[in-house]
Amino acid sequence: MKKDFKFFWTLFVSTFTLSAFTFGGGYVIVPLMRKKFVETLKWIEEDEMMDLISIAQSAPGPIAVNSSIIIGYRLAGVPGALVTVFGTVLPPMVVLSVISQFYTAFRDNVIVSLVLKGMGIGVAAVIVDVVYTMAKGVAVTKNKLQIIVMILSLIAALFFDVNVVWVVLACGLIGAINVIVQDKKAKGGKVA
């Protein structure tokens, strides 16, 4: 893939427009990033995108920014990461700067309050779609370990109120152990 001005401009415009027209945070922008970079531009494969999003989710910070940095770095190294993070951060920075100037008027406006409540319902629907898409992606692999880890993670977070940080750390540890075991098996070594 040629990394010229047109490439970087497309990268910037893609992340800028996704960020500018997406409300509800990172879990809403993630499926839109997948659609843009996997389906539309075909710059990243589906499996690799899922891996990149998993890394972004497990890193500290906002998932939208983390995802854009990882995707930009994957596509064009440090310059790509800088372009995508700038494209992702610029729209909310401008919008929040404007809103902060009129905060009192917005806070007490009934119409703005109703619009925000309506947007909240839409955001919930998009988050359900993200969960369904990611779970379907894991189920399609038919990898028993991944399916078991997904189900146990859901049970731990939903029914036992385990902090998501512990769930992510446990999943990372299980994944690392699995990679080591699979690597040793592939090299013909013994697994303890």
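Predicted model only: the values in this text are computed from it and were never measured.

**Regarding the overall build of the protein chain**
So, step 1. In terms of regular secondary structure, the protein chain is built from eight helices and zero strands.
So, step 2. Its helices and strands in sequence order give the protein chain the pattern α-α-α-α-α-α-α-α, from N to C terminus.
So, step 3. A principal-axis box enclosing the C-alpha atoms of the protein chain has dimensions of 65 × 50 × 25 Å.
So, step 4. For the protein chain, with 192 residues in total, the buried portion stands at 24%.
So, step 5. The contacts of the protein chain with a sequence gap of at least 6 include a subset with a gap of at least 24, amounting to 54%.
So, step 6. Of the accessible surface of the protein chain, which amounts to about 12900 Å², a share of 71% is contributed by carbon and sulfur atoms.
So, step 7. Put simply, the protein chain has 17 plus and 11 minus side-chain charges, and the middle of one group is 4 Å from the middle of the other.

**As for the pattern of salt bridges**
Pairs can form between side chains of opposite charge whenever their charged atoms are close.
So, step 1. Evaluation of the coordinates by the stated rule reveals four salt bridges.
So, step 2. Put simply, Arg 74 and Glu 48 hold a salt bridge, and the shortest N to O gap is 2.4 Å. Taken together, the residues Arg 74 in helix α4 (residues 63-101) and Glu 48 in helix α3 (residues 46-58) connect sequence positions 26 residues apart.
So, step 3. Overall, the relative accessible area of 25% leaves Glu 48 in the partly exposed class.

**Here's the deal with helix α2 (residues 26-40)**
So, step 1. Look at α2: 20 Å from first C-alpha to last across 15 residues, which is about the 21 Å you get at 1.5 Å a residue.
So, step 2. Here α2 has its buried residues at Gly 26, Val 28, Ile 29, Val 30, Pro 31, Met 33, Arg 34, Phe 37 and Val 38.
So, step 3. Of the surrounding secondary structure, the elements contacted by the buried residues of α2 are α1 (5-20), α3, α4 and α6 (110-141).
So, step 4. Residue Lys 42 follows α2 closely and has a positive phi angle near 55°.

**Describing the layout of surface pockets**
So, step 1. A volume near 1900 Å³ is recorded for the largest pocket.
So, step 2. Taken together, 42 residues make up the lining of the largest pocket; nearest its centre are Ser 54, Gln 57, Met 134, Val 138 and Cys 171.
So, step 3. Of all the secondary-structure elements, those providing two or more residues to the lining of the largest pocket are α3, α4, α6, α7 (144-159) and α8 (164-186).
So, step 4. At eleven residues, α8 tops the list of elements feeding residues into the lining of the largest pocket.
So, step 5. Taken together, the residues that form the lining of the largest pocket break down as 27 nonpolar, twelve polar and three charged.
So, step 6. By volume, the second largest pocket is sized at about 640 Å³.
So, step 7. Together, 24 residues line the second largest pocket, and Thr 22, Phe 23, Pro 92, Val 95 and Leu 96 are the ones closest to its centre.
So, step 8. Every element with two or more residues in the lining of the second largest pocket is listed here: α1, α2, α4, α5 (103-108) and α6.
So, step 9. A per-element tally of the lining of the second largest pocket places α4 first, with nine residues.
So, step 10. For the lining of the second largest pocket, the residue count by class is 17 nonpolar, six polar and one charged.

**So, the confidence of the model for the protein chain**
The predicted coordinates of low-pLDDT regions are not to be read in fine detail.
So, step 1. Summary statistics for the protein chain give a mean pLDDT of 87 and a share of 97% for residues scoring 70 or more.
So, step 2. When pLDDT is averaged over each element of the protein chain, α1 comes out on top at 94 and α5 at the bottom at 74.

**Regarding the side chain of Ser 68**
So, step 1. Locating Ser 68 in the fold gives a position in helix α4.
So, step 2. Looking at Ser 68, the relative accessible area reads 1%, which means it is buried.
So, step 3. Residues within four places of Ser 68 in sequence aside, it is in contact with Met 33, Thr 84, Val 85 and Thr 88.

**Description of unusual backbone geometry**
So, step 1. Notably, Lys 142 is not glycine yet its phi reads approximately 60°, a positive angle.
So, step 2. Following the sequence through the fold, Lys 142 ends up in the loop between α6 and α7.
So, step 3. Within the chain, Asp 161 stands out as a residue other than glycine whose phi angle is a positive 55°.
So, step 4. Residue classification places Asp 161 among the exposed positions, given a relative accessible area of 68%.

The rules behind the values
Residues numbered from 1 in each chain as written. Predicted model: local features only at pLDDT ≥ 70, side-chain atom pairs only at ≥ 80, totals over all residues. Heavy atoms only, no water. Helix = DSSP H or I, 4+ residues; strand = E, 2+ residues; numbered from the N terminus. Buried < 20%, exposed > 50% of the residue type's maximum accessible area, 1.4 Å probe, protein only. Contact = heavy atoms within 4.5 Å. Areas by Shrake-Rupley, 256 points an atom, 1.4 Å probe, with all protein chains shown as cover. Lys, Arg positive; Asp, Glu negative; His and termini not counted. Charge placed at Lys NZ, Arg CZ, Asp CG, Glu CD. Salt bridge = Lys/Arg side-chain N within 4 Å of Asp/Glu carboxyl O. Expected span 1.5 Å × (residues − 1). 1 Å grid on protein atoms, 1.4 Å probe; cavity = no way out; pocket = protein on both sides within 12 Å on 5 of 7 lines; lining within 4 Å. Points joined across faces, edges and corners; volume = space filled by probe spheres on them. Nonpolar A, V, L, I, M, F, W, Y, C, P; charged D, E, K, R; others polar. pLDDT = per-residue confidence, 0-100.

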